[in-house]
Amino acid sequence: MPASLHAALAGLVFAAAVAMPALADGLKDEIAPTGKLRVAIAISPAGGAFWSTKTEAGYAGVPVDLGKEMAGQLGVPVEYVVHQNSGQITDAAGKGTWDVTWLPKDPERETKMMFGPIYEVADATYIVKPGSAVTDFASLDQPGIKVAAVNATTTMRGAIAHLKNAKVTGYQTYDEIFGLLKSGEIDAFALSRDQLNKMAQKIPGTRVLDETFKKTVTAVAVPLGHSLALTFVTKFMNEAVMNGTLRKAYDNNGLKDTPIRTE
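Predicted model, so just to flag it, every value in this text is computed and none were measured. (Residues numbered from 1 in each chain as written. Predicted model: local features only at pLDDT ≥ 70, side-chain atom pairs only at ≥ 80, totals over all residues. Heavy atoms only, no water.)

A word on the overall build of the protein
Then, in step 1: Of regular secondary structure, the protein possesses 9 helices and 11 strands.
Then, in step 2: Taken along the three principal axes of its C-alpha coordinates, the protein extends 85 × 40 × 35 Å.
Then, in step 3: Of all 263 residues assigned to the protein, the portion counted as buried reaches 47%.
Then, in step 4: When the accessible surface of the protein is split by element, carbon and sulfur atoms take 56% of a total near 12500 Å².
Then, in step 5: Each charge class in the protein can be summarised by its mean position, and for the 26 positive and 27 negative side chains these summaries are 2 Å apart. (Helix = DSSP H or I, 4+ residues; strand = E, 2+ residues; numbered from the N terminus. Buried < 20%, exposed > 50% of the residue type's maximum accessible area, 1.4 Å probe, protein only. Areas by Shrake-Rupley, 256 points an atom, 1.4 Å probe, with all protein chains shown as cover. Lys, Arg positive; Asp, Glu negative; His and termini not counted. Charge placed at Lys NZ, Arg CZ, Asp CG, Glu CD.)

A short note on the nonpolar core
Then, in step 1: Ranked by size, the top nonpolar core spans 31 residues in total, and within it Ile31, Leu37, Met70, Val100, Trp102 and Val233 carry the most contacts.
Then, in step 2: Residue assignment for this core shows that the elements contributing at least two residues are α1 (3-31), β1 (37-42), α2 (62-74), β5 (100-105), β6 (113-128), β11 (214-223), α8 (227-243) and α9 (245-252).
Then, in step 3: The element best represented in this core is α8, accounting for 7 residues. (Core = buried A, V, L, I, M, F, W, Y, C linked by side-chain atoms within 4.5 Å.)

Let's talk about the packing of aromatic side chains
Then, in step 1: The full count for this structure, using the stated rule, is 6 aromatic pairs.
Then, in step 2: Considering the side-chain rings of tyrosine 59 and tyrosine 80, the 6.2 Å spacing of their centres and the 65° angle between planes classify their relative orientation as edge-to-face. Residue tyrosine 59 is located in strand β3 (residues 58-61), and its partner tyrosine 80 is located in strand β4 (residues 78-83); the two are separated by 21 residues in the primary sequence.
Then, in step 3: A connected cluster of aromatic rings, assembled from ring pairs, spans Tyr126, Phe137 and Phe213.
Then, in step 4: Looking at lysine 54, its charged tip hangs above the ring of tyrosine 59, at a distance of 5.3 Å from the centre. (Phe/Tyr/Trp six-rings, centres within 6.5 Å; stacked < 30°, edge-to-face > 60°. Lys NZ or Arg CZ within 6 Å of the ring centre and 35° of its normal.)

Points about α9
Then, in step 1: Of all the residues in α9, the buried ones are Leu246, Ala249 and Tyr250. End-on view of α9: buried residues confined to an arc of 100°, all on one side of the axis. Within α9, the exposed residues directed more than 90 degrees away from the buried face are Lys248 and Asn252.
Then, in step 2: Count one or two residues on from α9 and you reach glycine 254, which has phi positive near 75°. (Arc of directions from axis to C-beta.)

Description of the confidence of the model for the protein
Reading fine detail from the predicted coordinates is not recommended where pLDDT is low.
Then, in step 1: When pLDDT is averaged along the protein, the result is 91, and 90% of the positions lie at 70 or above.
Then, in step 2: Every residue in residues 1-23 scores below 50 in pLDDT, and together they form 3 contacts with partners more than four places removed in sequence or on other chains. (pLDDT = per-residue confidence, 0-100. Contact = heavy atoms within 4.5 Å.)

Here it is in structure tokens:
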């Protein structure tokens with residue numbers, strides 16, 4: 001090998017060796033600026049691949065498990081930043097209070113955060129109150145019908161776009177809507193089918209409608225401008241699908257029979 005070529009290659013190797021620690025330091029400064037990985041989660045008994053729950057030991061959920069694994073890869077502690085719903089997580093995206101999250105994606109949220117790979121695709125529909133005469137979307141979308149949704153969520157925006165006559169009202173928590181549906185104070189609740197099927201088991205007489213009004217996709221996300229973080233979380237999620245980390249998170253949180261849907 002000519003001496004000049006050998007010297008050039010040696011220079012490239014040296015430059016790469018110098019750049020790699022700098023890149024790693026830059027990533028940590030961006031994705032964990034406080035020295036911890038702050039994971040935004042939303043608390044609800046609804047379950048599923050997005051919601052987390054409060055436990056005696058702390059928190060449980062798919063985002064909880066993924067956040068812990070991600071922090072371990074980065075070599076930093078994990079801290080969970082609790083919200084009542086995905087709308088609150090979205091509102092906080094520009095405030096520097098969280099570093100990474102997993103939540104439903106839609107065009108409005110893409111103006112406030114950057115998304116990595118999708119890891120869940122869910123059918124959104126409605127559950128109707130006990131004794132309701134509503135059997136399908138046509139009989140639901142009538143003047144005077146009250147439909148609830150979790151405030152400022154992709155499902156709420158989808159329901160508002162879908163229903164032309166029924167009134168859609170946003171509430172902050174799943175628990176509040178659960179109580180209103182059980183007491184008959186609202187006519188229906190818009191959410192993912194899997195979660196509504198579980199709700200139907202807890203409120204006798206309710207019915208989950210067969211039709212679907214939108215597909216809700218859930219993905220990892222970071223605040224706008226965090227390009228190094230986005231590259232890292234994208235790689236993390238792609239590997240999590242391949243190496244079983246995501247499957248384990250599903251299985252640990254009551255989703256053993258739920259397939260991973262990436263598209």
